[in-house]
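If you want the building blocks of each chain, they are given just below.
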Amino acid sequence: MMGGSKERARERREKRLQEISLLRTIPYSDHQRWWSKETIAVVTGSNRGIGFEIARQLATHGLTVVLTSRDECVGQEATRVLQEGGLDVAFHQLDILDPSSIQLFVDWIRQTYEGIHVLVNNAGVNFNVGSDNSVESAHMVVATNYYGTKNIIKAMIPLIRPSAAAARIVNVSSRLGRLNGRRNRIEDLNLRRKLGDLDTLTEELIDRTVATFLQQVDDGTWTSGGWPQTFTDYSVSKLAVNAYTRLMAKTLSNRPEGEKIYVNCYCPGWVKTAMTGWAGNVSVEEGADTGVWLALLPDQAVTGKFFAERREVSF
Ligand code: NDP
């Protein structure tokens, strides 16, 4: 029985991968192209991995991309690689945890480009591999993946330029942070309901949820706290990113036509990068694909959604 269902799952996955690679061969056609060289896209943590590939693909589609990295030398080197390939890519240092780095970045963007049209929040950390589930770095994981992403969104929104096609924010998240997935969920049904309902979802609730988790990490009670069981700290941080994505989409939906900002998040799959120790079953090209697609979607009002392999999934 088990063998049969595994086999069917494998077949479904292979079929889906074929569909995706077909979608990828269809070029972004000219009449749908709302962007140009004047369209500015910022990608966080783009010196390597999925972020570098998102930067490369966006620049290949003809946008001007700002590659950012917390390490100046590494970022400049990565930028040079793309520039030598003829792409319009500029570099600026950005550490999403450092308020002074964020401020310098904001000032530089304002002076250099006046503003941006696309923001991809890709920078993130994870310290567990395989079957590990240590929370030793939980504070860093939550600070980077959730608060860092939030810091950048808050800093960049005032810099988003009006655009008839709407500006785009894409958050690179993870299926592990799903609120209502079949596995790896928060056990507390009441908390799940509150986080999942846009009428009760607030920034304060998301902050309080991650703070409760970190408090339990500090006092050693987290294992009985009903948190997701796989890569718990990482899952909690991405769950917060997902919830914040929905909340921001709702908050920003009141903006007038011409000043719209669409905010979505996605899971890149299990990707061969440093984060997975180059394990994983998809390439960086595949891992970047849904993010680039979301950033460039032609005039469709897609916002507040979670995607995997270009398909919407429930939060
Ligand atoms: P990498 O470790 O290769 O890349 C992570 C990037 O984030 C690096 O550029 C890193 O910089 C940067 N970064 C980390 N902390 C900061 C910070 N404080 N300020 C600025 N940049 C920072 O991993 P991936 O490419 O795999 O991960 C990219 C995103 O995809 C992450 O958000 C991750 O959670 C997500 N993801 C990845 C999956 C996978 O299977 N690989 C699965 C699901 C989601 P530095 O080089 O200096 O460390």
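Residues numbered from 1 in each chain as written. Predicted model: local features only at pLDDT ≥ 70, side-chain atom pairs only at ≥ 80, totals over all residues. Heavy atoms only, no water.

A word on the overall build of the protein chain. Per the secondary structure count, the protein chain includes 9 helices and 8 strands. For the protein chain, the C-alpha radius of gyration of 19 Å lies close to 20 Å, the compact-globule estimate for 315 residues. In terms of overall dimensions, the protein chain has C-alpha extents of about 50 × 45 × 40 Å along its principal axes. Looking at the protein chain residue by residue over its 315 residues, the buried ones come to 51%. (Helix = DSSP H or I, 4+ residues; strand = E, 2+ residues; numbered from the N terminus. Rg over C-alpha atoms; globule rule 2.2 N^0.38 Å. Buried < 20%, exposed > 50% of the residue type's maximum accessible area, 1.4 Å probe, protein only.)

This next bit is on the pattern of salt bridges. On inspection of all chains with the given rule, the structure shows 14 salt bridges. In this structure, Asp 30 engages Arg 33 in a salt bridge whose closest nitrogen and oxygen atoms are separated by 3.6 Å. When the shortest N-O distance is used, the salt bridge between Asp 289 and Arg 310 registers 2.8 Å. Here the residue Asp 289 occupies a position in helix 9 (residues 284-296), and Arg 310 occupies one in the loop between strand 7 (306-308) and strand 8 (311-313), the gap between them amounting to 21 residues. Both residues of the pair, Asp 289 and Arg 310, belong to the buried class. Within this structure, Lys 150, Lys 154, Glu 203 and Asp 207 form a network of salt bridges that share partners. (Salt bridge = Lys/Arg side-chain N within 4 Å of Asp/Glu carboxyl O.)

Below, the discussion takes up the nonpolar core. If you look at soluble globular proteins, the nonpolar side chains tend to sit buried side by side. Ile 109, Met 156, Leu 195, Ile 206 and Phe 213 are the most contacted members of the largest nonpolar core, which has 51 residues in total. Look past the residues within four positions of Ile 109 in its chain and what remains in contact with it is Val 42, Val 66, Glu 114, Gly 115, Ile 116, Met 156 and Leu 159. In terms of nonpolar packing, the next biggest core, distinct from the first, is built from 35 residues, Val 65, Val 118, Val 120 and Phe 307 among them. (Core = buried A, V, L, I, M, F, W, Y, C linked by side-chain atoms within 4.5 Å. Contact = heavy atoms within 4.5 Å.)

Surveying the vicinity of the ligand reveals 28 residues, the closest of which are Arg 48, Asn 122, Tyr 234, Val 271 and Thr 273. Between the ligand and Arg 70, the relevant distance is 2.8 Å, taken from an oxygen atom to a side-chain nitrogen or oxygen of the residue. Here the ligand, which alone exposes 910 Å², has 94% of that area covered by the protein. Elements with a contribution of two residues or more to the shell around the ligand: helix 2 (49-60) and helix 8 (232-252). A breakdown of the residues in the shell around the ligand according to their chemical character gives 13 nonpolar, 11 polar and 4 charged. (Near = heavy atom within 4 Å. Polar contact = N/O pair within 3.5 Å; in protein donor to acceptor, adjacent residues only side chain to side chain. Areas by Shrake-Rupley, 256 points an atom, 1.4 Å probe, with all protein chains shown as cover. Nonpolar A, V, L, I, M, F, W, Y, C, P; charged D, E, K, R; others polar.)

Attention shifts here to the packing of aromatic side chains. If you walk through the whole model with that rule in mind, you get 8 aromatic pairs. When the centroid spacing of 5.7 Å and the interplanar angle of 85° are considered together, the rings of Trp 108 and Tyr 113 count as edge-to-face. In this structure Tyr 113 comes out as buried when scored by relative accessible area, which is 17%. Feature note: the residues Phe 105, Trp 108 and Tyr 113 constitute an aromatic cluster, connected by ring pairs. (Phe/Tyr/Trp six-rings, centres within 6.5 Å; stacked < 30°, edge-to-face > 60°.)

This paragraph deals with the pairing of strand 6 (residues 261-267). Within strand 6, 7 of the 7 residues are buried, which leaves it mostly tucked inside the rest of the structure. Relative to strand 6, strand 5 (residues 167-172) is paired through 6 bridges, and the arrangement is parallel. When the bridges of strand 6 are listed, Arg 168 appears paired with Tyr 262. Here strand 6 pairs with strand 7 via 3 bridges, running parallel. By the bridge assignment for strand 7, Cys 267 is matched with Ala 308. (Pairing = 2+ DSSP bridges.)

Limitation: the analysis is restricted to geometry and does not speak to function.
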